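Analysis of the macromolecular model
Take a look at the letters that make up each chain.
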Amino acid sequence: MSKKGDGSAVKDPGAEPTLGTNPFEGTLRRLREAFHSGCTRPAEFRAEQLRALGRFLQENKQLLHDALVQDLHKSAFDSDISELIICQNEINLALKNLQAWMKDEPGSTNLFTKLDSAFVRKEPFGLVLIIAPWNYPVNLNLVPLVGALAAGNCVVLKPSEISRGTEKVLAEVLPQYLDQRCFAVVLGGPEEMGQLLEHKFDYIFFTGSPRVGKIVMTAAAKHLTPVTLELGGKNPCYVDDDCDPQIVANRVAWFRYFNAGQTCVAPDYLLCSPEMQERLLPALQSTITRFYGDDPQSSPNLGRIINQKHFQRLRALLGCGRVAIGGQSDEHDRYIAPTVLVDVQEAEPVMQEEIFGPILPIMNVRGMDEAIEFINRREKPLALYAFSNSSQVVNQMLERTSSGSFGGNDGFMYMTLLSLPFGGVGHSGMGRYRGKFTFDTFSHHRACLLCPAGLENLNDIRYPPYSDRVQQLTRWALGSQSCTLL
Amino acid sequence: MEREVQRVRQAFLSGRSRPLRFRLQQLEALRRMVQEREKDILAAICSDLCKSEFNAYSQEVISVLGEIDFMLENLPEWVTAKPVKKNLLTMLDEAYLQPQPLGVVLIIGAWNYPFLLIIQPLIGAIAAGNAVIIKPSELSENTATILAKLLPQYLDQDLYIVINGGVEETTELLKQRFDHILYTGNTTVGKIVMEAAAKHLTPVTLELGGKSPCYIDKDCDLDIVCRRITWGKYMNCGQTCIAPDYILCEASLQNQIVQKIKETVKEFYGENVKESPDYERIINRRHFKRILSLLEGQKIAFGGETDEATRYIAPTVLTDVDPKTKVMQEEIFGPVLPIVPVNNVDEAINFINEREKPLALYVFSHNNKLIKRMIDETSSGGVTGNDVIMHFMLNSFPFGGVGSSGMGAYHGKHTFDTFSHQRPCLLKSLKREGANKLRYPPNSQSKVDWGKFFLLKRFNKEKLGLLLLTFLGIVAAVLVKAEYY
């Protein structure tokens, strides 16, 4: 929607004069018209959409399981706990609380506005775009969708083309459940996404890499579209000397190798002393064997790498440092064994990029202070973990670092708590969601003040001319005590 | 420029902006600055906008003092961690949100309320524990100068610095990396700021503008309505981002409105408005000429007098304005009030919705249903019903735009939140590893079922809670009995 300079204040919702035949134009226009018609506003409509989404999940469970196996070799258990159940939880929470979330929030009034009615109205933004990645393709498409629908928006969903199986189900089956006036799935790769981003949206919710996050935000800037960016980074995991290595190994290994390491909040690398490393290695080996058997490749509980490109990338990382555990790979299967690397240098590729695979490098530090210094030299991660029997150590790690979220003595268990928001900071992202936070993300909080139509005498004090007496009175009355007010 | 920003970053990394006591001290110092140097501050604002001291005080300084007090009172509570509701799996853990500073934040101010629009965000940024770089608008030169002079005298000189300059300096500044940018100004520059921020993935709060519509219903007390509108429109010579930009009303009301505004203007500013100490001037020649050009071809119902030498434009009202004319194409930001006649409220709502979402929306009516309808069927940053400007005054309210009028919000706690990262934390102990066996592979169907039980059954928590309580009660009773025997 081009405007002459800063001038034109009039929108032209239909026209995209400079874009020629943009494939998404028709879809977006339809959705925008639907939003203007007001059909997404009533609570009942939104609730019905959410219920329909619930039915989609329930009636297509097998289809979704199969798609997740196809895309990521995800076991039924993993699919349930990391994708389907989470989505179902979100839907249930939204349905249960929709009325409460939609209600106007009363604002507190001050001395001069006691007689007014003050509230914050939650309004849908309008047409929102959700761009999802491939690693938790059901979860990361549908959880934002729940909040966007609950907030009364019309939604364009852009699933990742890399998780093809899930993309197909979302594109072909999901629209049959939702009201297609207000919801559309768009498909394509980077080129199509570029075309999509030329359009104006009222909100863009993006989950993916920081590199693409910058592209999305730059495109959004052209239309002054607010964004939530759920990005990534290298999530450090500090293991103190004062802890039980076997327990730590269990917890770290589970969160690291879940979904073959393709989790934005997985512990990316370990920081510990050489002594702790000596104790951890056998513990990790023991854990890995217990979890995945002697031949992890045949375990139904270990995922696969999403595609050849990422497989090759990860295989190259196996050359960093020294392989202490695992290290095997199989190109035909896109399989990489649960691996631990030691003697890793900071400059090596495995410590320069987000690993996003079943490889866990261990970096040695001499203690907590060095670990904190190491962490603070780098970009703020999406998650940060600290393991120690000493709550002082855990709290120190928390206070002296910054990250999206923090887990003490465990991995990303906090993802099961819908009362905790999820989001990054710095390079790991901006904005947050889950539970009510998604609803709030997709709502404009509009401050509304309704003043009494009469009682004009009370206002006289604010009108000019300001005689000396009035000036004195005003200064005295408002000088130091009250809130802002003339 | 880069060195300055680096210096501030180093100061932040030293950690000294974080302790609560430090933040409170800095806020108290800021308060002292405003009180002790009131004369200098007022003089600067007054010379930038030809404003009376009283106006400068009541429009800017009072709000700042109020905000500082509000912050001082509430900050100790805001910095504490907030526990959150837990589920069955995390029942025995600590789960909470911990507010943390973002780092180095950039505040870019505007010229129309040059003191307020810098200091109000600054208060929240300091309160949230950040280091701050302040870039006042170069158009309000004197305030920019006084800020650069006074702030280092009262605040930590490495954590909070003022950088002055024009477009070139601002462009250079925007190339640096910040942890948040709060910009107040216009849409065009807003886009530039966001684009620059995108390169570093810096979150932004953009307080922009637009044409804030003001609908006057037939069913209202026009005397009162016109007084309130006159006050809000001509305050600061119309250079207020939430001034009622234009009026929508039925054609039959126009003449009355014009008459009543005319009377009110006389009451407020006297016969010769130019002589009133309470009437300001346009900030500079460029804006003066811009506003003048908006009058071309318009029906001036009253006002319209100008004086280029003093940048004076009289309070002006235009009637029967054609929506396609220039005055209806850009934010006026001046003492010119167009009236666009519409047939009814439906037409008014359509008119508003055809245009970009404004920063503020005003509706005057005795009919509450109509007001409700206006709010329900339009969107805007904020709303005041039966008055103007006032929603800005409540510091419990978020103040911000939507669509092209901006993104994000601040004021009061919202400023603190804007400049904080609310970090979700889950702290477990290394004991009770047995409970975790449930999630570890190898998996079985029974595990799936148990998984579902723990993750899905939220309502069980209450029942379980009750069960636990009952059990504990029994245990307690037994123990007490044991004590006595």
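What you see is a predicted model; the values in this text were computed from it and never measured.

Looking only at helices and strands, chain A has 16 helices and 18 strands in total. Each principal axis of the C-alpha distribution contributes one length, and for chain A these read about 85 × 55 × 45 Å. Summed over its atoms, the accessible surface of chain A is roughly 17,400 Å², and 53% of this surface lies on carbon and sulfur atoms. Taking the 48 positively charged and 54 negatively charged side chains of chain A as two groups, their mean positions are separated by 6 Å.

Looking only at helices and strands, chain B features 16 helices and 18 strands. Within chain B, buried positions represent 64% of all 485 residues. Taking all contacts inside chain B whose residues are at least 6 apart in sequence as the whole, residues at least 24 apart take part in 72%. If you sum the accessible surface of chain B, you get close to 18,400 Å²; carbon and sulfur atoms cover 55% of it. Here chain B carries 58 positive and 57 negative side-chain charges, and the mean point of each set is 9 Å from the other.

We now examine the UniProt feature "active site" (unreviewed entry) in chain B. Residue and element names in this part refer to chain B. The feature "active site" (unreviewed entry), as given by UniProt, occupies E207 and C241 in the numbering adopted here. For the annotated residues, spread through 35 residues, the largest C-alpha to C-alpha distance comes to 9.0 Å, consistent with a single compact locus. For E207, the location among the structural elements is in strand β7 (residues 204-207). According to the relative accessible area criterion, E207 is buried, its value standing at 3%. Not counting the four nearest positions on each side in its chain, E207 is found in contact with Y183, T184, G185, F399, G400, S405, G408, A409 and Y410. As for its placement among the helices and strands, C241 is situated in the loop between α9 (222-234) and β9 (246-249). Look past the residues within four positions of C241 in its chain and what remains in contact with it is N112, L208, S212, E331, F333, L359 and F399.

As a further point, take the nonpolar core. In this structure, B:F115, B:L122, B:I133, B:I216 and B:I257 are the most contacted members of the largest nonpolar core, which totals 198 residues. Ranked by residue count, the leading element in this core is helix α4 (residues 53-78) of chain B, at 13 residues. Residue contacts for B:L122: discarding those within four places in its chain leaves B:L30, B:I107, B:V132, B:I134, B:L151 and B:L155. The next biggest cluster of nonpolar side chains, apart from the first, holds 103 residues, and it includes A:F205, A:V239, A:A283 and A:L418.

Turning our eyes to something else, we now look at the pattern of salt bridges. Taken as a whole and assessed by the stated rule, the structure comprises 59 salt bridges over all chains. The salt bridge partner of B:R227 is A:D460, with a shortest N-O separation of 3.0 Å. With B:R227 in helix α9 and A:D460 in the loop between β18 (443-450) and α16 (468-478), this residue pair bridges two chains. Taking relative accessible area as the criterion, A:D460 reaches 35% and is therefore assigned partly exposed. For B:D346, the salt bridge is made with B:R373, and the minimal N-O distance between the two is 2.4 Å. Of this pair, B:D346 sits in helix α12 (residues 345-353) while B:R373 sits in helix α13 (residues 368-377), and the two are 27 residues apart along the sequence. A network of salt bridges, in which partner residues are shared, links A:E456, A:D460, B:R227, B:R228 and B:E267.

Mapped onto the present numbering, the UniProt feature "domain: Aldehyde dehydrogenase" (unreviewed entry) falls at residues 3-421 of chain B. With 42% helix and 17% strand, residues 3-421 of chain B has end C-alpha atoms that lie 26 Å from one another.

What follows is about the pairing of strand β3 (residues 104-108) of chain B. All names here are of chain B. In terms of residue burial, β3 counts as a mostly covered element, since five of its five residues are buried. Burial of β3 is two-sided: the residues V104, L106 and I108 facing one way and the residues V105 and I107 facing the other way are all buried. Sheet analysis places β3 next to strand β6 (residues 180-184), joined by four bridges and oriented parallel. The partner of L106 across the bridge, within β6, is I181.

Another aspect to go through is the confidence of the model for chain B. Per-residue confidence for chain B averages 92 on the pLDDT scale, and 91% of its residues sit at or above 70. The ipTM for the predicted assembly is 0.92, set against a pTM of 0.93.

Facing the 116 residues of chain B at the interface are 123 residues of chain A. Of the roughly 10,000 Å² buried between chain B and chain A, counting both surfaces, carbon and sulfur atoms make up 59%. A per-residue breakdown of the area chain B buries against chain A is headed by B:F54, B:L201 and B:L430, which together make up 9% of the total. Our count for the contact surface shared by chain B and chain A stands at ten salt bridges. Across the salt bridge formed by B:D179 and A:K380, the nearest N and O atoms sit 3.9 Å from each other. By residue number, the principal contributor to the side of chain B that touches chain A is α4(B), which donates ten residues. Classifying every residue of the side of chain B that touches chain A gives 47 nonpolar, 36 polar and 33 charged. The pairing of strand β16 (residues 405-408) of chain A with strand β18 (residues 420-427) of chain B spans three bridges and is parallel. Residue pairing across strands places A:F406 opposite B:C425, the latter belonging to β18(B).

The subject of this paragraph is the sheet that holds strand β13 (residues 339-342) of chain A. The strand order across the open sheet formed by ten strands is β10(A)-β13(A)-β14(A)-β9(A)-β8(A)-β15(A)-β16(A)-β18(B)-β2(B)-β1(B), and the pairing between neighbours is mixed. Two strands lie at the open edges of the sheet, namely β10 (322-325) of chain A together with β1 (82-83) of chain B, each paired on one side alone. Alignment of β13(A) against strand β14 (residues 359-364) of chain A, held across three bridges, turns out to be parallel. Opposite A:T339, over in β14(A), you have A:I359 as the bridge partner.

All names here are of chain A. For chain A, the assigned domains are domain 1 (2-231 + 434-444) and domain 2 (236-420). Counting residues at the interface gives 21 residues for domain 1 and 22 residues for domain 2. For the domain 1 and domain 2 pair, buried surface summed over both sides reaches about 1,900 Å², with 58% attributable to carbon and sulfur atoms. Of all residues in domain 1, H73, W134 and R434 bury the most surface against domain 2, accounting for 31% of the area lost on that side. Inspection of the region where domain 1 meets domain 2 yields zero salt bridges. For the pair domain 1 and domain 2, the number of links is six residue pairs in polar contact (both at pLDDT 80 or more). For the side of domain 1 that touches domain 2, the elements supplying multiple residues, two or more each, are α3 (61-72) and α4 (76-102). No other element matches α4, which puts six residues into the side of domain 1 that touches domain 2.

We now examine the sheet that holds β18(A). If you trace the ten strands from one edge of the open sheet to the other, you get β1(A)-β2(A)-β18(A)-β16(B)-β15(B)-β8(B)-β9(B)-β14(B)-β13(B)-β10(B), paired in mixed fashion. Each edge of the open sheet carries a strand with a single partner, namely β1 (105-106) of chain A together with β10 (299-302) of chain B. Pairing geometry for strand β15 (residues 360-364) of chain B and strand β16 (residues 382-385) of chain B, over four bridges, is parallel. Each residue of the ladder has a partner; that of B:V363, found in β16(B), is B:G385.

Let's shift gears to the environment of B:F302. Residues and elements named next belong to chain B. Considering the arrangement of structural elements, one finds F302 in strand β10. With a relative accessible area of 11%, F302 lands in the buried category. In the structure, F302 is positioned 76 residues away from C226 in sequence and 14 Å away in space, judged by C-alpha atoms. Not counting residues up to four positions away in its chain, the partners in contact with F302 are V258, I261, K262, V265, P315, T316 and V317.

In a disulfide, the sulfur atoms of two cysteines are held together by a covalent bond. Residue and element names in this part refer to chain B. For the structure shown, the criterion picks out zero disulfides over all chains. Distance from the sulfur of C220, which forms no disulfide, to the nearest cysteine sulfur (C226) is 7.5 Å. Taking relative accessible area as the criterion, C220 reaches 16% and is therefore assigned buried.

All names here are of chain A. Here helix α8 (residues 190-198) has its buried residues at M193, L196 and L197. Buried residues of α8, seen end-on, are gathered within an arc of 95° and therefore sit on one face of the element. In this structure, the buried side of α8 is in contact with β3 (127-131), β4 (154-158), β6 (203-207) and α9 (210-222).

What follows deals with the packing of aromatic side chains. Given two aromatic rings, one states the distance between the centres and the angle between the planes to describe the pair. Taken as a whole, this structure holds 27 aromatic pairs over all chains when the rule is applied. Taken together, A:Y136, A:W254, A:F255, A:F258, A:F291, A:Y292, A:F412 and B:Y440 form an aromatic cluster joined through their ring pairs. Stacked on the ring of B:W231, the Lys or Arg A:R462 has its end atom at 3.8 Å from the ring centre.

Procedures and definitions
- Residues numbered from 1 in each chain as written.
- Chains lettered and ligands numbered in written order.
- Predicted model: local features only at pLDDT ≥ 70, side-chain atom pairs only at ≥ 80, totals over all residues.
- Heavy atoms only, no water.
- Helix = DSSP H or I, 4+ residues; strand = E, 2+ residues; numbered from the N terminus.
- Areas by Shrake-Rupley, 256 points an atom, 1.4 Å probe, with all protein chains shown as cover.
- Lys, Arg positive; Asp, Glu negative; His and termini not counted.
- Charge placed at Lys NZ, Arg CZ, Asp CG, Glu CD.
- Buried < 20%, exposed > 50% of the residue type's maximum accessible area, 1.4 Å probe, protein only.
- Contact = heavy atoms within 4.5 Å.
- UniProt positions renumbered as here; feature names shortened; annotations may be inferred.
- Core = buried A, V, L, I, M, F, W, Y, C linked by side-chain atoms within 4.5 Å.
- Salt bridge = Lys/Arg side-chain N within 4 Å of Asp/Glu carboxyl O.
- Pairing = 2+ DSSP bridges.
- pLDDT = per-residue confidence, 0-100.
- Buried area = accessible area lost by both parts, 1.4 Å probe.
- Nonpolar A, V, L, I, M, F, W, Y, C, P; charged D, E, K, R; others polar.
- Domains from an automatic or database assignment.
- Polar contact = N/O pair within 3.5 Å; in protein donor to acceptor, adjacent residues only side chain to side chain.
- Disulfide = S-S within 2.5 Å.
- Arc of directions from axis to C-beta.
- Phe/Tyr/Trp six-rings, centres within 6.5 Å; stacked < 30°, edge-to-face > 60°.
- Lys NZ or Arg CZ within 6 Å of the ring centre and 35° of its normal.

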